[in-house]
Amino acid sequence: MSTFVVFLLCAASCVSASASGGARGPQLNDNQLYKFSYTTEVLVDRVRRSKEGGAGFKISSDVDVSLMWRDPSNKDEQLIQLKISNVRADPVSQRSLKKNVLHGTSIESLLGQSRLAALTKPFFVHLKNGKVKAFYSYWAEPAIIKNLKRGVSSLLQMQLNTGKVIENDVSGRCTVSYKAEDNQVTRTKYLESCKTAETGFTTHSQVLGVGRKSSSVTVFTLQDGFIRSAVAEEKHWLIVNAHRSSSARVVSRQTFTLVGTEAGPLEAAGKDPSIVVKSIDAKLAAVGITAEKMKSRCKNCPSLSEHWQGLQKKLEPGNLSKATAPRSFLALIQSIRKASKDEILKVLKSASKTALPQLVDAVTSSQTTESLDAMLQFLNFTDAKGVVLQERFLYACGFASHPNERMLKSLLEISKGKIVSTDIKESVVIIMGALVHKLCQKGGCNLPTVVQVKKMILEGPDSTQDESEVQMFLLALKNSLLPEAIPIFTKYAESEVGAYSTISLTSLQRYDAALMTAEVKQTVNRIYHQNRRIYEKNVRAAAADVILSSNPSYIEVKNLLLSIGHLPHEMNKYMLSKIQDILRFHMPASQVLRQAMQDVIAHNYDRFSKFGSSSAFSGFMAQSADVTSTYSLDILYSGSGILRRSNMNIYGASKGAMLHGLQVAIEAQGLESLIAATPDEGEEDLESFAGMSALLFDVQLRPVTFFKGYSDLMSKMFSMTGEPMNVVKGLILLTDHSEVIQLQSGLKASAEFQGGLAIDISGGMEISLWYRESKTSVNNRGALVVSGNVTVDMDFMSAGLEVSFETEAALDFITTVQFSEYPFLVCMQMDKTTFPVREYAKKHESLSSGKSVVSRKSRKLLIPGSEFPLHQENSNMCKKVFGSSW
């Protein structure tokens, strides 16, 4: 025991000694002037290096370094003077005279006399144990000048022993590691740890987002206890996950090399370095080592009104399928983010009736305090004529890339107020669920408004007897993806109301399989096997989907297989098709399915030879190194040949992340009386109904009803035009990334990446009693633009890169059913049209005088149209439906 106590005391004394000694840093010799050459350069380019090189510039100078004061009791505490002279500016790489923006320009004309004078004024660094304790310069100096001086000063900060510390420098407060070997020290800065005053935002979705990788390494070579050279290289990669060829990189380098020494100034007397500084020049002040914010400049920029006038025609409804629409949408968002509330309101009030919905999309997607205030003042939820604008506002809130608590609070206040339209009232609550999910993803689950809304939607289903309100709260919970909602969905999954069951089961399918408890699995299995009561076919099909997507056990899968043959005809066929699709597409449940199918009782010809028209099929839409896109089509019919459920899904996957891009579900029930057919078991008393539900980019939208009730059905039958009903139409901000990258040199790179989608999704259902034929269609039209802009702006000189890609596409899904005989004929068609893909890159270097050099590159591709492959049975059926024309 005594040995252990001695060990602890010894350890404590060693730690204490280490802490009191501190980390030693570089030491200057007394009365000596160190003459350094200094170069800082910055390059902006595409991730894949281009032959002509990137955009950028290089600033070179001489720097004199001398000791002004040293603490007599601690040689590692020093006040150092630095003075920049002989400043030069050059292109970052070799240029022809024609492409050299700096040709014929002197440093005086480039910086201006006042800025050059400020840059060449001496500045001071208080260094203690190798760490910058204070940086002294002049408050009146331009921010860019002080930042450049901070960049030089940060090269003096180092320690001579190996270890990891937290330091303050021009980059902010960062974690840094040092590795010391002989006369060399390597400093690695962990840039992701740096905390600065300038914060940005980004899209939370990994598939649609922008990833960033960074590195910063400085290698110091020492001579006689001081720096002989310092070479720093800092790299930042900004990667557009969905299209990596539109990514960018920023490279910053600094070299600081000793070229000689000579006699220097005498040390000043004094106990405090701040007093010594004041004695040199009373105007000098400790201005902080961390970089200052720089005000962005914009010469001859149009006002928001002027910008809108130039873009309005491109945002008319007829142009939404063209790439000019989302490109104009993104440009408008940038302009709105700089505008005041009054400017935004002025544009909203002056817009044409047809372009106004697109303007509402842009204003709401801007997500600034001013834009939200303008929208709340502009919209009147007590006016029934403004339903279209109100819904566009709500959907834009649901798709918000970086919503805040105030947006959610605004919707909460709207929900408590008077809302004329029932549809809008439902949409408000449903979208609040989506905002709760996004805020929780960012760690804001405990924000007061989030807590309040969570309580409201969690208690909502049990607080009302109104069927539409219960569905509204369940859909809000579906959007929220709250783990606390799982018991609620489990309860309502067994409801006698089919809509409650379907919503609850499809919601459970969205959760991670790890959250599916034994109780949830027991409930879902009870529903599928009808242990307690009879359920509608589409409810049982949804239950089967949950079972098969939640890491099913061997027993669960075997019981599913054994049920085939005892189900209604079309349900038998649907389950067979579902199982075959899982096996063919190698889905997670395929392994346990293969194990269960080794049992000949579960897997035999009698069980697997059931006929019917229902089907389930999955396939690849596109495969690339960036994103893999898949689709699935599930069709379930009633025994009479009328569509019961149609479900189309499109997913995007990137680097292990998944995005549910689109789901369009068409549901119909109670239509057997039209053809004098007998309803299936459990569906005898269902009210005539047909409707469509859409989920877009992980956000569930308010369902659309085609008709409800027999009288409504008949009136729609006789007035049916065949024209599809719009489900969602508008402009969506998919990718939204903005940040300022503080470079160690003192320069800043601003990065903006946005992705905009113009979309038009519609669906329809036609029934011809004369031809005994029905047709359902889902039509998707869209145009996508993703653009990025990375710029290093020194106020007097800037360099940057703009990258973008765009495409326009159409996707149609049509199902034709002929029910004049049984088995009825079903033909499914899923077509994409020929569509273009265009890529652009522009590099620019410019001076404040207006002189600029620009280089452009573009590439265009044409992707041929095609019909997506489905199973062979479908092809055979289509030949029968369309005959020789197929």
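Residues numbered from 1 in each chain as written. Predicted model: local features only at pLDDT ≥ 70, side-chain atom pairs only at ≥ 80, totals over all residues. Heavy atoms only, no water.

Quick notes on the overall build of the protein chain
- In terms of regular secondary structure, the protein chain is built from 25 helices and 27 strands.
- Counting only C-alpha atoms, the protein chain reaches 110 × 80 × 55 Å along its principal axes.
- Counting all 886 residues of the protein chain, 56% fall into the buried class.
- The long-range fraction of contacts in the protein chain, counting pairs at least 24 apart against all pairs at least 6 apart in sequence, stands at 68%.
- Just so you have it, the protein chain exposes about 38300 Å², and 53% of that area is on carbon and sulfur atoms. (Helix = DSSP H or I, 4+ residues; strand = E, 2+ residues; numbered from the N terminus. Buried < 20%, exposed > 50% of the residue type's maximum accessible area, 1.4 Å probe, protein only. Contact = heavy atoms within 4.5 Å. Areas by Shrake-Rupley, 256 points an atom, 1.4 Å probe, with all protein chains shown as cover.)

Comments concerning the packing of helix 15 (residues 467-480) against helix 17 (residues 498-508)
- At their nearest, the axes of helix 15 and helix 17 sit 10 Å apart, and the two run at 5° to each other. Compared by their axis directions, helix 15 and helix 17 come out roughly parallel. Here helix 15 contributes Glu 467, Val 470, Gln 471, Leu 474, Leu 475 and Lys 478 to the contact with helix 17, which in turn contributes Ala 499, Tyr 500, Ile 503, Ser 504, Thr 506 and Ser 507.
- Looking at the contact of helix 15 with helix 17 residue by residue, the class counts come to 6 nonpolar, 4 polar and 2 charged. (Axes fitted to C-alpha atoms, helices over the stretch in contact; angles between N-to-C directions. Parallel < 35°, antiparallel > 145°, perpendicular 65-115°, else oblique. Nonpolar A, V, L, I, M, F, W, Y, C, P; charged D, E, K, R; others polar.)

Some points on the environment of Lys 149
- Relative to the helices and strands, Lys 149 resides in helix 4 (residues 143-153).
- Classification of Lys 149 by relative accessible area gives buried; the value is 0%.
- A C-alpha to C-alpha distance of 9.6 Å links Lys 149 and Thr 120, two positions 29 residues apart in sequence.
- Contacts of Lys 149, omitting those with residues within four sequence positions, involve Ile 84, Ala 118, Leu 119, Lys 121, Pro 122, Phe 123, Phe 135, Ser 137 and Glu 141.

What about the packing of aromatic side chains?
- By the definition in use, this model includes 10 aromatic pairs.
- Ring centres 5.2 Å apart and planes at 55° place the aromatic pair Tyr 631 and Phe 868 in the tilted group. Here Phe 868 lies in the loop between strand 27 (866-867) and helix 25 (872-882) and Tyr 631 lies in strand 14 (residues 628-637), a separation of 237 residues in the sequence.
- Using a relative accessible area of 7% as the deciding quantity, one classes Phe 868 as buried.
- In this structure an aromatic cluster arises from ring pairing among Tyr 34, Phe 36, Tyr 38, Phe 226 and Phe 256.
- The ring of Trp 237 has Lys 213 sitting right over it, with the charged end atom 5.9 Å from the ring centre. (Phe/Tyr/Trp six-rings, centres within 6.5 Å; stacked < 30°, edge-to-face > 60°. Lys NZ or Arg CZ within 6 Å of the ring centre and 35° of its normal.)

Some details on the confidence of the model for the protein chain
- Scored by pLDDT, the protein chain has a mean of 89; 93% of the residues are at 70 or more.
- Here residues 1-23 scores under 50 on pLDDT; set against residues more than four positions off or in separate chains, the count is 6 contacts. (pLDDT = per-residue confidence, 0-100.)

Considerations on helix 12 (residues 405-416)
- The first and last C-alpha atoms of helix 12 sit 17 Å apart over 12 residues, in line with the 16 Å expected at 1.5 Å per residue.
- Listing the buried residues of helix 12 in full gives Met 407, Leu 408, Ser 410, Leu 411, Leu 412, Ile 414 and Ser 415.
- Close packing links the buried residues of helix 12 with helix 9 (356-366), helix 10 (369-378), helix 11 (387-398), helix 13 (422-441) and helix 14 (448-459). (Expected span 1.5 Å × (residues − 1).)

Some words on the environment of Leu 481
- Looking at the secondary structure, you find Leu 481 in the loop between helix 15 and helix 16 (486-492).
- Taking the relative accessible area as the measure of exposure, Leu 481 reaches 21% and is therefore partly exposed.
- It is 38 Å that separates the C-alpha atoms of Leu 481 and Gln 312, two residues lying 169 residues apart in sequence.
- Not counting residues up to four positions away in its chain, the partners in contact with Leu 481 are His 437, Arg 510 and Tyr 511.

A word on the sheet that holds strand 8 (residues 184-195)
- Spatially, the 12 strands line up as an open sheet ordered 6-7-8-9-10-11-1-2-3-4-5-12, and their pairing is antiparallel. Each edge of the open sheet is held by one strand with a lone partner, namely strand 6 (163-169) and strand 12 (284-286). Across the sheet, the mean angle separating the axes of adjacent strands is 25° when strand polarity is ignored.
- As paired strands, strand 7 (residues 172-181) and strand 8 are joined by 8 bridges and run antiparallel to one another. Counterpart to Thr 175 in the pairing with strand 8 is Tyr 190.
- Along the sheet, helix 4 makes contact with strand 1 (32-46), strand 2 (55-71), strand 3 (74-91), strand 4 (123-128), strand 5 (131-138) and strand 11 (248-263), crossing strand 5 at roughly 150°. (Pairing = 2+ DSSP bridges.)

Re the pairing of strand 3
- Bridge count between strand 2 and strand 3: 13 bridges; the pairing is antiparallel. Note on strand 3: the bridge partner recorded for Ser 66 is Gln 81.
- Between the antiparallel neighbours strand 2 and strand 3 lie 2 residues.
- By the bridge criterion, 6 bridges tie strand 3 to strand 4 in an arrangement that is antiparallel. Its bridge partner being in strand 4, Leu 79 is matched across the sheet by His 126.

Quick word on helix 4
- Of all the 11 residues making up helix 4, 11 are buried; the element is thus mostly covered by neighbouring parts of the structure.
- Among the residues of helix 4, those classed as buried are Ala 143, Ile 144, Ile 145, Lys 146, Asn 147, Leu 148, Lys 149, Arg 150, Gly 151, Val 152 and Ser 153.

A word on the side chain of Arg 392
- Following the sequence through the fold, Arg 392 ends up in helix 11.
- Aside from chain neighbours lying at most four places away, what touches Arg 392 is Pro 357, Gln 358, Val 360, Asp 361, Lys 729, Gly 730 and Leu 731.

With respect to the nonpolar core
- The biggest cluster of nonpolar side chains holds 155 residues, and the ones touching the most others in it are Phe 393, Leu 411, Leu 505 and Leu 696.
- If one sorts the elements of this core by residue count, helix 13 sits on top with 11 residues.
- If near-sequence neighbours (up to four positions away) are discounted, Leu 505 is found in contact with Ala 493, Val 524, Ile 527, Val 539, Ala 542, Ala 543 and Val 546.
- By size, the runner-up hydrophobic cluster in this structure holds 78 residues, among which are Val 63, Leu 258, Val 287 and Val 790. (Core = buried A, V, L, I, M, F, W, Y, C linked by side-chain atoms within 4.5 Å.)

Section: the pattern of salt bridges
- Under the defined criterion, the tally for this structure stands at 44 salt bridges.
- Where Asp 30 meets Arg 70, a salt bridge forms, and the shortest distance between an N and an O atom there is 3.0 Å. One end of the pair, Asp 30, is in the loop between helix 1 (2-21) and strand 1; the other, Arg 70, is in strand 2, and 40 residues separate them in sequence.
- In this structure, Arg 253 and Glu 41 form a salt bridge, with 3.2 Å as the shortest nitrogen-oxygen distance. With Arg 253 in strand 11 and Glu 41 in strand 1, the pair connects residues that are 212 residues apart, well separated along the chain.
- Each of the salt bridges in this network shares a partner with another, and the network as a whole consists of Glu 41, Glu 233, Lys 235 and Arg 253. (Salt bridge = Lys/Arg side-chain N within 4 Å of Asp/Glu carboxyl O.)

Concerning the state of the cysteines
- Summed over all chains, the structure comprises 3 disulfides.
- Between the sulfur of Cys 174 and that of Cys 194 lies a disulfide, 2.1 Å long from S to S. One disulfide, between Cys 174 and Cys 194, carries an S-S torsion of 115° and so falls in the right-handed class. Taken together, the residues span a long stretch of sequence, with Cys 174 in strand 7 and Cys 194 in strand 8 at a distance of 20 residues. An identical accessibility class is assigned to Cys 174 and Cys 194; each is buried.
- No disulfide involves Cys 397; its nearest neighbouring cysteine sulfur is the one of Cys 440, lying 17 Å away. (Disulfide = S-S within 2.5 Å.)

Looking at the pairing of strand 6
- Summarising the sheet, strand 6 and strand 7 pair through 7 bridges and their orientation is antiparallel. Across the sheet, residue Asn 168 finds its bridge partner in strand 7, namely Arg 173.
- Connecting strand 6 to the next strand, strand 7, in antiparallel fashion are 2 residues.

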